[in-house]
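Chain and residue survey
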Amino acid sequence: MATQGFHEVVLIPGDGIGPEVSDAVRRIFAAAAAPVHWDEHVAGIAAIEGGLDVLPAATLEAIERHQVALKGPCTTPVGEGFTSVNVQLRKRLNLYAAVRPVRSLPGVSTRFENVDLIILRENTEGLYSGVENQLTNDVVMSMKVATKSACTRISHWAFRFATQRRRKKITVFHKANIMKLTDGLFLRCARSVHQTEYPNIDYQETIIDAGCMKMVQDPSQFDVLLLENLYGDVVSDLCAGLVGGLGVVPGANFGDVAAVFEAVHGSAPDIAGKGIANPLALLMSAVMMLNHLSATRGDERCKVAAERIKTAYDQALADGQKTRDLGGDLGTDAFAQAINDRLPPL
Ligand code: ATP
């Protein structure tokens, strides 16, 4: 808790569409009287342009101090340049568990109705360990790392999470038929945690290529997905496509101390600065953050604010108020205003 009954939370607006969608979230939080005070810090291109490191020490220290952050997308150059801010943050703060709820929304019609999935992604190792070598001019390699401690840790986290949320089934997507050692270890750890501690939760394993096919045929056969790092990244976007795209899928990264909330989408340079980005994914991430503050700090006001904001965006969508990615014609600000106009009275 912090000054005058507000929770101090780090806000990193990020790059590309980040500042636009962050502003929208700020406006909605102010209108909803969410008890949050933003401590704004930079990372990514915004930090480099200000003459700072891509992940400045002050930003990291602020998150360590407040233990909660809302982060806009940070651009990662393809093929060259600095290490991804997202990867660095997850490693430095040991944010080992990513949670991405993928749910159908009112008024957003897609191929499937009533999609309700939760993607749990191991966030610290796999092919994102960043160990890449140039063997010769023409031969490069990338190391996929799996450790028993990290695989067991995410398995515990996943089964505990599923139990708390009263979810019925966990499915691991893997490629252990090819990557026998790394994915094999991931499977062994998940199986062991299931068998020894959580036999009441249904547990399944699916080879990832077949799993992706099954997912787009009928997502209702899945409930909670548990994936190593790269698979979690790819399958998150696949599943976002089931419910309306990247504009509507939120996310959170948890460690034992800190939690960083961020949309699944990236900085979307193709639409940056045009005022047309959908702020919903970041707003939904911010609502997850309010629920986290309510659960960890016992502040009922956060829960109330989260519920009012959710009611308002559900109503806005049901009323056909949508940004372009969802087939509507509203800009970022107009959509934020449509949400504010529908906030239930306190
Ligand atoms: P990264 O590599 O940073 O993860 P990405 O490759 O996933 O990024 P995004 O930046 O997420 O790419 O964008 C992918 C596509 O989705 C783009 O065409 C972009 O315009 C669209 N998109 C992403 N987020 C939004 C949003 N909030 N509103 C509207 N369109 C979006």
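Because the structure is predicted, anything quoted here is derived from the model rather than measured.

How each quantity is defined
Residues numbered from 1 in each chain as written. Predicted model: local features only at pLDDT ≥ 70, side-chain atom pairs only at ≥ 80, totals over all residues. Heavy atoms only, no water. Helix = DSSP H or I, 4+ residues; strand = E, 2+ residues; numbered from the N terminus. Contact = heavy atoms within 4.5 Å. Buried < 20%, exposed > 50% of the residue type's maximum accessible area, 1.4 Å probe, protein only. Pairing = 2+ DSSP bridges. Phe/Tyr/Trp six-rings, centres within 6.5 Å; stacked < 30°, edge-to-face > 60°. Lys NZ or Arg CZ within 6 Å of the ring centre and 35° of its normal. Axes fitted to C-alpha atoms, helices over the stretch in contact; angles between N-to-C directions. Parallel < 35°, antiparallel > 145°, perpendicular 65-115°, else oblique. Left-handed = near helix turned anticlockwise from the far one by under 90°. Nonpolar A, V, L, I, M, F, W, Y, C, P; charged D, E, K, R; others polar. Right-handed = clockwise from strand over helix to strand, strands pointing away. Patch = residues over 30% accessible without salt bridge, like charges linked within 9 Å, V, L, I, M, F, W, Y side chains within 5 Å. Areas by Shrake-Rupley, 256 points an atom, 1.4 Å probe, with all protein chains shown as cover. Salt bridge = Lys/Arg side-chain N within 4 Å of Asp/Glu carboxyl O. Core = buried A, V, L, I, M, F, W, Y, C linked by side-chain atoms within 4.5 Å. Domains from an automatic or database assignment.

**Examining the environment of Ala-258**
Looking at the secondary structure, you find Ala-258 in the loop between β11 (252–254) and β12 (259–262). In this structure, the C-alpha to C-alpha distance between Ala-258 and Asn-94, residues 164 residues apart in sequence, is 8.2 Å. Ignoring anything within four residues of it in the chain, the contact list for Ala-258 reads Ile-63, Gln-67, Leu-95 and Asn-253.

**A short note on the pairing of strand β5 (residues 116–122)**
Every other side chain in a regular strand lies on the same face of the sheet, so the side chains alternate between the two faces. Most of β5 is tucked away, with six of its seven residues classed as buried. Looking at chain direction, strand β4 (residues 97–103) and β5 are connected through seven bridges and run antiparallel. Bridging from a neighbouring strand, Pro-101 pairs with Ile-118 of β5. Where β5 lies against strand β10 (residues 224–227), four bridges are found, and the strand directions are parallel. Each bridged residue has a counterpart across the sheet, and for Ile-118 the counterpart in β10 is Val-224.

**Quick look at the packing of aromatic side chains**
Inspection of the entire model under this criterion finds seven aromatic pairs. Look at Phe-173 and Phe-222: their rings are 5.5 Å apart centre to centre, the planes differ by 80°, and that puts the pair in the edge-to-face class. Of this pair, Phe-173 sits in strand β8 (residues 169–174) while Phe-222 sits in the loop between α7 (208–217) and β10, and the two are 49 residues apart along the sequence. For Phe-173, a relative accessible area of 1% gives the class buried. Each residue in the set Trp-157, Phe-161, Phe-254 and Phe-261 is aromatic and connected to the rest through ring pairs, giving one cluster. The positively charged end of Arg-121 is found above the aromatic ring belonging to Tyr-128, 5.2 Å away from the centroid.

**What about the packing of helix α1 (residues 18–31) against helix α9 (residues 280–297)?**
Packing of α1 against α9 leaves a shortest axis separation of 9 Å and a crossing angle of 45°. By the criterion of interaxial angle, the relationship of α1 to α9 is oblique. When the axes of α1 and α9 are compared, the crossing they make is right-handed. Here Val-21, Ser-22, Val-25, Ile-28 and Phe-29 of α1 lie close against α9, whose contacting residues are Leu-282, Leu-283, Ala-286, Met-289 and Leu-290. Here the residues of the contact of α1 with α9 sort into nine nonpolar, one polar and no charged.

**Topic: the pairing of strand β1 (residues 7–12)**
β1 sits mainly inside the fold: six of its six residues count as buried. Of the two faces of β1, the one lined by His-7, Val-9 and Leu-11 and the one lined by Glu-8, Val-10 and Ile-12 are each fully buried. As judged from the five bridges shared by β1 and strand β2 (residues 36–40), these two strands associate in the parallel manner. Within β2, the position partnered with His-7 by the bridge is Val-36. In this region the chain leaves β1, passes through α1 and returns to the parallel neighbour β2; the handedness of that crossover is right-handed. Note that β1 and strand β3 (residues 68–71) share three bridges and pair parallel. Each residue of the ladder has a partner; that of Leu-11, found in β3, is Leu-70.

**Focus: a nonpolar patch on the surface**
A contiguous nonpolar surface patch, about 380 Å² in accessible area, is contributed by Val-131, Leu-135, Val-139, Met-141 and Met-143. When its relative accessible area of 38% is taken as the criterion, Val-139 is described as partly exposed.

**Describing the nonpolar core**
If you look at the biggest cluster of nonpolar residues, it comprises 92 residues, and the most contacted ones within it are Phe-29 and Ile-309. Top element by residues in this core is α9. It accounts for 10 residues. Composition of this core by domain shows at least three residues from each of domain 1 (1–104 + 246–346) and domain 2 (111–242). Beyond its immediate stretch of four places on either side in the chain, Phe-29 contacts Ala-34, Val-36, Trp-38, Leu-283, Ala-286, Met-289, Leu-290 and Ile-309. Judged by nonpolar contacts, the second largest core, of 17 residues, contains Ile-12, Leu-55, Val-85 and Leu-89.

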